[in-house]
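Below are the chains, spelled out letter by letter.
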Amino acid sequence: MTNSVITIKGLSKSYGKAKVLKNFDLSVEKGHICGLIGPNGAGKTTIMKCLAGIILPDSGEMEFFGSAEDIQKNRARMSFMIEQPVISVSMTARDNLEYIRILRGYPDEKRIDEILDIVGLADTGKKYAGKFSLGMKQRLGIGMALLPKPEIMVLDEPVNGLDPEGIVEIRNLIRRMQEEWGVTVLISSHLLAELSEICTDFSIISGGSLVENLSREELLLKCRNHIALRTNDINRTAAVLEEKLSLHDYKVIHGDEIHIFERLDEPERISKTVTDSGLIITRFNEEGQNLEDYYLEKVGECHD
């Protein structure tokens, strides 16, 4: 039995003749951090805008907390930060939070001090948000979304444009939200290495279509250690591996590289056999796939 708090079934959206979403499905489990993976233009922001009610899909269904009814009421249990946080640059961090507190009808004024401390902005005093760094603005935006104690947070590219220090700050904040307060997070990014650091689940999207859903455990199993091999003739190399080494657990990647997943303890024998066959090795590395490699492989398979 699933414990899904966000369920999307067959979501489609077009702008004129451009199909942005194509029969897209998604399920986000309670207490998880789900990464929506894809490059700019894949449809990630459109999905999040549909969830927030900013735009309406052409077709499909959405369920929040297991119900397709009372969507707007259930949205009140969620917070959204889509594209850029909506911050008044002529107000302080405290004033921005006070505005959100009143807007969301949250009664506890002490929550503002708690949020300022959580997002590391307690010492900004009377400094206007317009003078904040990009990382400070992102943290304030997350704090504004976190203020009414949402059960779900939807974050669109929260680390976009940040320096490495700012990325780490946002990463730690998202982890804290999930681990300490049990907030379910749906987060999108084109920075796949960053998502691999924090997500418990991944949904790969390309061209508005779902490519694959997988958990962190499934990703680790699929991103196996391997030998990455390139030569001057990749087809003949594959034949050599099979005929002379009886290797069969390998993949040809993007037509010019072979990833070998067996006999990893015999790199010298593999390289010698290849060179003795008259082939020139241009790359020979022992490595493991990362999330970005896996994404590119899956998208490549989808387009073949």
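## Digging into the nonpolar core
Step number 1: One finds Leu140 and Ile187 to be the most contacted residues of the largest nonpolar core, which totals 48 residues.
Step number 2: Broken down by element, the residue count for this core peaks at six residues, all from helix 5 (residues 134-146).
Step number 3: Leave out the neighbours within four places in its chain, and Leu140 touches Ile87, Ala93, Asn96, Leu97, Leu121, Ala129 and Phe132.
Step number 4: By size, the runner-up hydrophobic cluster in this structure holds 26 residues, among which are Leu26, Val28, Cys34 and Ile152.

## Some thoughts on unusual backbone geometry
Apart from glycine, the bulk of residues carry a negative phi angle, and the bulk of peptide bonds sit in the trans form.
Step number 1: The backbone of His254 shows a phi angle near 55°, a positive value even though the residue is not glycine.
Step number 2: By the secondary structure assignment, His254 is in the loop between strand 11 (250-253) and strand 12 (257-260).
Step number 3: With relative accessibility at 58%, the residue His254 sits in the exposed group.
Step number 4: Unusually for a residue other than glycine, Arg263 sits at a positive phi of about 55°.
Step number 5: By secondary structure assignment, the location of Arg263 is in the loop between strand 12 and helix 10 (267-276).

## Some remarks on the packing of aromatic side chains
Step number 1: For the coordinates displayed, the defined rule picks out zero aromatic pairs.
Step number 2: The ring of Phe65 has Arg77 lying over it, and the distance from NZ or CZ to the ring centre is 3.6 Å.

## Observations concerning the sheet that holds strand 2 (residues 18-29)
Step number 1: Strand order in this open sheet of three strands is 2-1-4, and the pairing throughout is antiparallel. The open sheet is flanked by strand 2 and strand 4 (59-64), the only strands paired with a single partner. Across the sheet, the mean angle separating the axes of adjacent strands is 15° when strand polarity is ignored.
Step number 2: In terms of strand pairing, strand 1 (residues 4-15) meets strand 2 through eight bridges, oriented antiparallel. Bridging across to strand 2, Ser4 finds its partner in Glu29.

## What about the side chain of Arg75?
Step number 1: Tracing the backbone shows Arg75 in helix 2 (residues 71-75).
Step number 2: Within the structure, the side chain of Arg75 is placed 2.6 Å from the backbone oxygen of Leu51, a separation counted as a polar contact.
Step number 3: Excluding residues within four positions of it along the chain, Arg75 makes contact with Cys50, Leu51, Ala52, Gly53, Met62, Phe64 and Phe80.

## Structural notes on helix 9 (residues 234-245)
Each α-helix turn comprises 3.6 residues. Residues three or four places apart therefore point the same way.
Step number 1: The terminal C-alpha atoms of helix 9, which comprises 12 residues, lie 16 Å apart, in line with the 16 Å expected from a rise of 1.5 Å per residue.
Step number 2: By the burial criterion, the buried members of helix 9 are Ile234, Thr237, Ala238, Val240, Leu241 and Leu245. Buried residues along helix 9 cover an arc of 160° about the axis, so they all sit on one side. Exposed side of helix 9, more than 90 degrees from the buried face: Asn235 and Glu243 are the residues found there.
Step number 3: Tucked inside the fold, the buried residues of helix 9 contact strand 10 (225-231), strand 11, strand 12 and helix 10.
Step number 4: Positive phi appears at Ser246, one or two residues downstream of helix 9, with a value of about 55°.

Reading the values: rules and limits
- Residues numbered from 1 in each chain as written.
- Predicted model: local features only at pLDDT ≥ 70, side-chain atom pairs only at ≥ 80, totals over all residues.
- Heavy atoms only, no water.
- Core = buried A, V, L, I, M, F, W, Y, C linked by side-chain atoms within 4.5 Å.
- Buried < 20%, exposed > 50% of the residue type's maximum accessible area, 1.4 Å probe, protein only.
- Helix = DSSP H or I, 4+ residues; strand = E, 2+ residues; numbered from the N terminus.
- Contact = heavy atoms within 4.5 Å.
- Phe/Tyr/Trp six-rings, centres within 6.5 Å; stacked < 30°, edge-to-face > 60°.
- Lys NZ or Arg CZ within 6 Å of the ring centre and 35° of its normal.
- Pairing = 2+ DSSP bridges.
- Axes fitted to C-alpha atoms, helices over the stretch in contact; angles between N-to-C directions.
- Polar contact = N/O pair within 3.5 Å; in protein donor to acceptor, adjacent residues only side chain to side chain.
- Expected span 1.5 Å × (residues − 1).
- Arc of directions from axis to C-beta.

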